[in-house]
Amino acid sequence: MRPSRIFTLAALLASACGPSLSPTLAPGGASSQVTVLPPPPPPIPATEVWGPAALADENPAADIVEVTLTAAVAPVSIDGAAPILMYTYNGQTPGPRLEAKVGDRVIVHFKNELPQATTVHWHGLRIPDAMDGSPRIQSPVLPGQTFTYDFVVPEAGSFWYHPHVRANEQVEKGLYGPIIVRERDAAKEPRYAAERVLMLDDVLLTNGQFAPFLASHPEEMHGRFGNTLLLNGKDSSTPARVEVPHYRVERWRLVNTANARTMSLSIAGATFRVIGTDGGLLRAPYGTTRLTLPVGQRYDVEVTFDRVGEVALNSHVLVQDASGNVVEQTLPQLVVTVDAAEDDYPVVSDWTLPPDAQRAVDREVTLTFDAVNDPVMGLMWRINGVSHPVDPLFTFQRGETVRLVLVNRVGPEHPFHLHGQFFEVEEAGQPGLKDTVLVPGLSTVRVVARFDNPGRWMAHCHILEHAELGMMSEVVVGP
Ligand code: C2O
Ligand code: CU
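Read on for a plain summary of the structure.

Reading the values: rules and limits
Residues numbered from 1 in each chain as written. Chains lettered and ligands numbered in written order. Predicted model: local features only at pLDDT ≥ 70, side-chain atom pairs only at ≥ 80, totals over all residues. Heavy atoms only, no water. Core = buried A, V, L, I, M, F, W, Y, C linked by side-chain atoms within 4.5 Å. Buried < 20%, exposed > 50% of the residue type's maximum accessible area, 1.4 Å probe, protein only. Helix = DSSP H or I, 4+ residues; strand = E, 2+ residues; numbered from the N terminus. Salt bridge = Lys/Arg side-chain N within 4 Å of Asp/Glu carboxyl O. Donors = N, O, S within 2.8 Å, 3.2 Å for Na, K, Ca; no water. Pairing = 2+ DSSP bridges. Axes fitted to C-alpha atoms, helices over the stretch in contact; angles between N-to-C directions. Contact = heavy atoms within 4.5 Å. 1 Å grid on protein atoms, 1.4 Å probe; cavity = no way out; pocket = protein on both sides within 12 Å on 5 of 7 lines; lining within 4 Å. Points joined across faces, edges and corners; volume = space filled by probe spheres on them. Nonpolar A, V, L, I, M, F, W, Y, C, P; charged D, E, K, R; others polar. Phe/Tyr/Trp six-rings, centres within 6.5 Å; stacked < 30°, edge-to-face > 60°. Lys NZ or Arg CZ within 6 Å of the ring centre and 35° of its normal.

## Regarding the nonpolar core
Soluble, globular proteins show a tendency: their nonpolar side chains are buried together. Counting residues in each nonpolar core, the largest one holds 60 residues, and the members touching the most others are Leu254, Leu367, Leu404 and Phe416. When residues in this core are grouped by element, the largest group, four residues, is from strand 34 (residues 444–451). Listed in part, the 30 residues of the second largest apolar core include Ala71, Leu114, Met131 and Val141.

The following block contains the structure:
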């Protein structure tokens, strides 16, 4: 990396306000010498955001983001050819980007023009439970009806929104969109020339239509695996192509919106490091070669285009070859051409987070995942022996720190998601705050959850078929 391109925050601040602090004044106030101020630094150009366009803010108040979101069926072409009838927000999939600053009040005028009831869940935002889109709390919005979501966003990061009614069908058909929450004080965040919102998905199509839902044993067992990978709603078998100048540094916000597929990703041809997780920026970014991104999770990655040539965001998928062997295939999702011309954007790539208060574990509980084959209902997924438990699994005190021991008794993996709170994974190698964690087949994962947000919160498997077939529970956080 060419170091002169990377400014520290301190250097930028010094260049912005240093000279004006030192005019020499004689006693009595008259200037004894003429201080020639250097010209002010050129304004820093705004960060460009690539991906789904932002929702229009209809409210002129600086701290209120007021938007209109309508769910409706619309014909969408994912590959430039024949359109498919999809479920869309404001006519598009992914839905438009919701963008706000920490502390902003967000008002969403939601209208349901779908033929089915729905809700909107703001995945990862620690907001009041009444606004969380849980159908256990909010009556689902019926076709033709409206609902106003109204909440204050508590922290910065990359999040997403999607329905929480028949999610296996509605999310697959295209109902999801990105959320970016920025710090109020821009100096608390790194600053890059560009950000890319990368929503990774797969859909299962037959003859150009969505294949029937929950119609096969593998779909019930492993979740719905698609046969077409999508990047930001477009069939990525022809990957999107963009060009960037040499030495450009970007922030990529990766979101896995698939029903079931854990994405295995790499970035070839550039230097990158993980700078954020579900719960926002990391205290200590880390390098890696492969990103494992289970459904529901996010990673923020800093990518430095330090070599001229081609860079690819690759998805690694397992396929069967002609002789029936399982082999890994590398499928580029996005191809970036790095030009020889050099970028001159004043990147600020450092940040400091306040030290984290040490929290002792107050309590430990176990959640066990398994399945039974019911002669009438078919395959039923369970948490602690119950499919679709009606009563809350646990009641915690507000402020309690609880170790959740997540025990997977079966072969299929489960990306476990907790609404309204963050947790940390105790096993090494997965730093940062998360709201979703992958529990691989026949294994146990321990997380330490911070139950700071009172209310009734869904706790479920984010493989949407598993959730639909019973792995959907609730915990209560008192008082
Ligand atoms: Cu992303 Cu309960 O969901
Ligand atoms: Cu599951």
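## Focus on the pattern of salt bridges
Once their charged atoms are close, side chains differing in charge can pair, the charge on each being opposite to the other. Here the structure, examined in full by the defined rule, presents 36 salt bridges. The partner of aspartate 104 in a salt bridge is lysine 101, with the nearest N and O atoms 3.5 Å apart. Since its relative accessible area comes to 28%, lysine 101 is described here as partly exposed. Arginine 251 is paired through a salt bridge with aspartate 300; the nearest N and O atoms lie 2.8 Å apart. Of the two residues, arginine 251 is situated in strand 17 (residues 249–256) and aspartate 300 in strand 22 (residues 298–304); the sequence distance between them amounts to 49 residues. Using a relative accessible area of 3% as the deciding quantity, one classes arginine 251 as buried.

## Observations regarding the coordination of the copper ion (ligand 2)
Within the first shell, the copper ion (ligand 2) binds the protein through His414 (ND1), Cys461 (SG) and His466 (ND1), at distances of 1.9 to 2.1 Å. Sequence positions of the residues that donate to the copper ion (ligand 2) give the spacing H-x46-C-x4-H. Of this pair, histidine 414 sits in strand 30 (residues 414–418) while cysteine 461 sits in strand 35 (residues 455–461), and the two are 47 residues apart along the sequence. On the basis of relative accessibility, which here comes to 0%, the residue histidine 414 falls in the buried class.

## Considering the sheet that holds strand 23 (residues 309–320)
With respect to topology, five strands assemble into an open sheet ordered 16-24-23-18-21, the strand pairing being mixed. Edge positions in the open sheet fall to strand 16 (240–246) and strand 21 (291–293), since each of these has one partner strand only. Taken pair by pair, the neighbouring strands of this sheet meet at an average axis angle of 25°, ignoring direction.

## Notes on the side chain of glutamate 169
By the secondary structure assignment, glutamate 169 is in helix 2 (residues 167–170). Take glutamate 169: its relative accessible area is 13%, and that puts it in the buried class. In contact with glutamate 169, not counting residues within four places along its chain, are Tyr87, Gln116 and Phe213.

## Let's talk about the layout of surface pockets
There is about 820 Å³ of room inside the largest pocket. Around the largest pocket, the lining comprises 31 residues; the ones closest to its centre are Gly279, Leu281, Arg283, Leu353 and Leu433. Those elements that place two or more of their residues in the lining of the largest pocket are strand 20 (280–286) and strand 31 (422–425). In terms of residue count, strand 20 provides more of the lining of the largest pocket than any other element does, five residues in total. In the lining of the largest pocket, the residues fall into 13 nonpolar, six polar and twelve charged. Lining the second largest pocket we find 22 residues, and of these Arg261, His316, Val317, Leu318 and Val319 sit closest to its centre. For the lining of the second largest pocket, the secondary-structure elements that each account for two or more residues are strand 14 (228–231), strand 18 (263–268), strand 23 and strand 24 (326–342).

## Thoughts on empty space enclosed by the protein
What the rule picks out here adds up to one cavity of 30 Å³ or more. Its residues assigned to classes, the lining of the largest cavity shows ten nonpolar, no polar and no charged.

## Looking at the sheet that holds strand 9 (residues 157–162)
Pairing is mixed in the open sheet, where four strands are placed in the order 5-10-9-7. Strands with a single pairing partner mark the edges of an open sheet, and in this sheet they are strand 5 (98–101) and strand 7 (121–123). Ignoring strand direction, the axes of neighbouring strands in this sheet form an average angle of 25°. Relative to strand 10 (residues 177–182), strand 5 runs parallel, the two sharing four bridges.

## With respect to the pairing of strand 19 (residues 271–277)
Taking burial as the measure, the seven residues of strand 19 include five buried ones, the bulk of the element. Of the strand pairs in this sheet, strand 19 and strand 22 are connected by five bridges, and their pairing is antiparallel. In the strand pairing of strand 22, arginine 273 is matched with glutamate 302. Examined bridge by bridge, strand 19 and strand 20 share three bridges and lie antiparallel to one another. Paired with threonine 277 across the strands is glycine 280, a residue of strand 20.

## Here we look at the pairing of strand 10
Taken across its six residues, strand 10 has six buried, putting it largely inside the fold. Of the two faces of strand 10, the one holding Gly177, Ile179 and Val181 and the one holding Pro178, Ile180 and Arg182 are both buried throughout. With five bridges joining them, strand 9 and strand 10 adopt antiparallel strand pairing. From the neighbouring strand, tryptophan 160 faces strand 10, where its bridge partner is proline 178.

## Comments concerning the packing of aromatic side chains
Applying the stated rule across the entire model yields ten aromatic pairs. Seen in terms of ring centroids, tryptophan 122 and phenylalanine 151 are 5.4 Å apart; in terms of plane orientation they differ by 55°. Their pairing is tilted. Linking tryptophan 122 in strand 7 with phenylalanine 151 in strand 8 (residues 146–152), this pair joins segments that are 29 residues apart in sequence. Here phenylalanine 396 and phenylalanine 451 contribute two aromatic rings whose centre-to-centre distance is 4.2 Å and whose plane-to-plane angle is 20°, an arrangement assigned as stacked. Of this pair, phenylalanine 396 sits in strand 28 (residues 395–396) while phenylalanine 451 sits in strand 34; the two residues are 55 residues apart in sequence, bridging distant segments of the chain. Residue classification places phenylalanine 396 among the buried residues on the basis of a relative accessible area of 1%. Since its relative accessible area comes to 1%, phenylalanine 451 is described here as buried. An aromatic cluster is defined as three or more aromatic residues linked by ring pairs; in this entry it consists of Tyr89, Phe110, Trp122, Phe147, Tyr149, Phe151 and Tyr161. Against the face of tryptophan 50 rests arginine 196, its NZ or CZ located 5.3 Å from the ring centre.

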